[in-house]
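Structural description and commentary
Given next are the chains, with one letter for each unit.
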Amino acid sequence: MKQNAIALLTLSLALGLSACGSSGNNGNNGGNAASPSASGGSSAPASSASASSGSSDAPVTLRVAWWGGQSRHDYTLKVIDLYEQKHPNVKIEAEYAAFDDYWKKLAPQAAANQLPDVIQMDISYLNQYAGKGQLDDLQPYIDNGTIDTSSISDSTLSGGKVSDKLYAFNLGSNALASVVDLQMLKDNGIDVPDNNWTWQTYTDIAAKLHDKGKIVGGFRFDVFFPFYLRGQGQHMYAADGTGLGYSDDKYFIDYFNMYKDWYDKGYLLSLDKEAQKKGTPEEDEMVPGHSFSSNGWSNQYILLSDAVKRPLDILPIPGWNDNKALFLKPSMYFSIASGSKVKEEAAKFIDFWVNDIDANKIIMGERGVPVSTKVQEALKPDLSPEQAKVFDYVAWAAENSSEMDPPNPVGATEVDALLKSYAESILYKKNTVEEAAAKFRKEAEQILAKNKK
């Protein structure tokens with residue numbers, strides 16, 4: 001029986017699940033959530049699969065694409081091997097890349113109607129691809145039983161809907177989080193913060209660590225400026241997607257004045273060094289012990305912890321309890337290309353990913369806390385302390401968050417790029433914060449105005 005999403009995660013906590021891409025200093029969306037990797041994937045033929053999956057014995061070639069770090073690539077390939085073992089008529093061609101490279105590769109494939117059959121989808125791009133008719137509605141595969149949702153709540157799935165159609169299937173639940181090295185604070189005689197730390201607490205820690213030759217992790221602009229707005233009772237986008245959701249530039253000015261102050265004082269990694277990174281966990285400044293923190297999505301903790309190879313902890317993002325800014329979101333999705341010739345097989349692969357116990361014992365929640373309560377229960381005995389921390393944190397976040405904003409409107413990726421450009425112009429002192437706020441508003445509104453009907 002389907003259960004409420006919050007109850008689902010609270011149950012995980014009650015059962016003792018104590019202890020979702022990889023992470024860079026700026027906390028990639030997940031999204032970024034999961035973050036990108038420099039690794040490339042195997043090339044695939046231009047066309048989609050060459051055979052129909054109507055017969056269970058007919059040979060089928062399935063293209064599956066995703067982004068992520070090397071560890072994600074490795075275990076995803078193991079899951080694919082397992083699927084092929086259980087479905088010997090299916091051959092899967094893997095396509096993977098760094099986050100930014102992934103979308104650059106996907107764009108021309110979409111234009112040529114040659115998208116992979118199964119596409120790892122991000123909330124920032126969902127409206128764009130669904131709005132252009134490039135994704136298939138997944139509800140029919142649920143209705144006919146191809147994808148089993150009997151242990152998955154409706155609210156968990158709702159984040160993949162656009163205009164009441166399910167274009168993306170949630171692979172796991174995520175929350176924004178700070179991965180922190182509390183031992184670094186103890187070693188330097190700095191008080192350890194608790195869950196209720198604030199932006200001022202973060203600033204004070206950064207100042208004290210700077211005196212010790214350390215830095216703190218930055219905040220990816222397109223993820224954390226909207227989060228900051230939520231804390232102020234505002235939103236990045238208007239509900240209808242035709243403009244920005246905040247009318248007073250004070251919020252932009254306050255946030256980026258704070259950020260500029262951190263940067264000018266040397267609390268953050270310099271932009272020129274940041275530009276050399278692909279955002280893999282191995283490149284994070286926490287690995288060599290230079291940084292106290294890395295800010296992103298909760299699922300990123302596991303791979304970053306593996307890369308750091310010393311005990312780390314998870315705290316909510318500073319200011320999380322201002323207007324209940326914290327929220328749960330799908331870590332990432334799987335979608336099926338509308339042009340796929342093997343949609344039924346693609347749906348079977350999604351079902352396998354979210355429901356197969358053996359597969360999830362390989363995945364172990366890296367793409368977010370599993371959406372199936374049956375899978376959560378099955379994984380409990382096998383969770384490492386670090387994996388259990390993520391389950392525990394997401395369960396806590398479920399009890400201390402508010403509803404997430406709707407999926408980003410069409411044009412949001414352009415707005416994100418614009419925000420990044422103006423944020424960097426502030427840090428490079430090419431624009432004052434006030435100038436950037438006004439210019440960003442004007443250009444962002446022009447981009448979003450195209451959504452008006």
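Our subject is the structure that appears above.
Note that the coordinates shown come from a computational prediction; the quantities given were computed from them, not determined experimentally. Each chain carries its own residue numbering, running from 1 in the written order of its sequence. Thresholds applied to this predicted model are a pLDDT of at least 70 for local features of residues and 80 or more for the giving and counting of side-chain atom pairs; totals over whole chains, interfaces and linings are not thresholded and use all residues. Values shown for side chains rest on all heavy atoms present in the structure; no hydrogens or waters enter the calculation.

1. Details of the nonpolar core
In this structure, Phe252, Phe256, Phe292 and Phe440 are the most contacted members of the largest nonpolar core, which totals 83 residues. Only DSSP runs of H or I covering at least 4 residues are called helices, and only runs of E covering at least 2 are called strands; the numbering of each starts at the N terminus. The greatest single-element share of this core, amounting to nine residues, is contributed by helix 10 (residues 250-264). Judged by nonpolar contacts, the second largest core, of 59 residues, contains Val60, Ala65, Ile80 and Tyr125. Remark: nonpolar core denotes a set of buried residues (Ala, Val, Leu, Ile, Met, Phe, Trp, Tyr, Cys) joined through side-chain atoms within 4.5 Å. Here's how the labels work: a residue is buried when its accessible area is under 20% of the maximum for its type, exposed when over 50%, partly exposed in between, all with a 1.4 Å probe on protein chains only.

2. Remarks on the pattern of salt bridges
Salt-bridge detection follows one rule: a side-chain nitrogen of Lys or Arg within 4 Å of a carboxyl oxygen of Asp or Glu. Under the counting rule described, the total for this entry stands at 22 salt bridges. In this structure, the salt-bridge partner of Asp222 is Arg220, at a minimum N-O distance of 2.7 Å. Judged by relative accessible area, Asp222 falls into the buried class, the value being 17%. Where Asp264 meets Lys260, a salt bridge forms, and the shortest distance between an N and an O atom there is 2.7 Å.

3. Digging into helix 8 (residues 199-210)
Over its 12 residues, helix 8 runs 16 Å from end to end, which matches the ideal 16 Å to within 8%, given 1.5 Å per residue. Those residues of helix 8 that fall on the buried side of the exposure criterion are Trp199, Tyr202, Thr203, Ile205, Ala206 and Leu209. All buried residues of helix 8 lie within an arc of 165° about the axis, which places them on one face of the element. Buried positions along helix 8 lie against helix 7 (182-187), helix 9 (221-231), helix 10 and strand 9 (293-297). The residue sitting at the N-terminus of helix 8 and contributing the capping side-chain oxygen is Thr198; that oxygen lies 3.3 Å from the backbone nitrogen of Gln200. In this analysis, the expected span of each helix is defined as 1.5 Å times one less than the number of residues it contains. In this description, one arc is meant: the one made by directions from the helix axis to the C-beta atoms. Here a residue-residue contact requires only that any non-hydrogen atoms of the pair lie within 4.5 Å. Polar contact criterion, stated in full: a pair of N or O atoms within 3.5 Å, where within protein one must be able to donate a hydrogen and the other to accept it, and residues adjacent in sequence count only if both atoms are side-chain atoms.

4. Some remarks on the packing of helix 9 against helix 17 (residues 412-427)
Relative orientation of the contacting elements helix 9 and helix 17 amounts to 90°, with a least axis distance of 9 Å. By the angle class used here, helix 9 and helix 17 are roughly perpendicular. In this structure, helix 9 contributes Phe221, Asp222 and Phe225 to the contact, and helix 17 contributes Asp416, Leu419, Lys420, Ala423, Glu424 and Leu427. Simply put, an axis is a line fit to the C-alpha atoms, just over the touching stretch for a helix, and the angle between two N-to-C directions goes from 0 to 180 degrees. Should an angle fall under 35 degrees it is taken as roughly parallel, and over 145 as roughly antiparallel, whereas 65 to 115 is taken as roughly perpendicular and any remaining angle as oblique.

5. Overview of the sheet that holds strand 3 (residues 90-97)
Any two strands with at least two DSSP-identified bridges between them are counted as paired. Pairing within the open sheet is mixed, and its five strands lie in the order 3-2-4-12-7. In this open sheet, the two strands that pair with only one neighbour each are strand 3 and strand 7 (169-170). The pairing of strand 2 (residues 60-67) with strand 4 (residues 118-121) spans two bridges and is parallel. Residue pairing for strand 4: Ala65 is matched across the bridge by Ile119. Strands strand 2, strand 3 and strand 4 of the sheet are contacted by helix 2 (residues 70-86), whose axis makes an angle of about 170° with strand 3.

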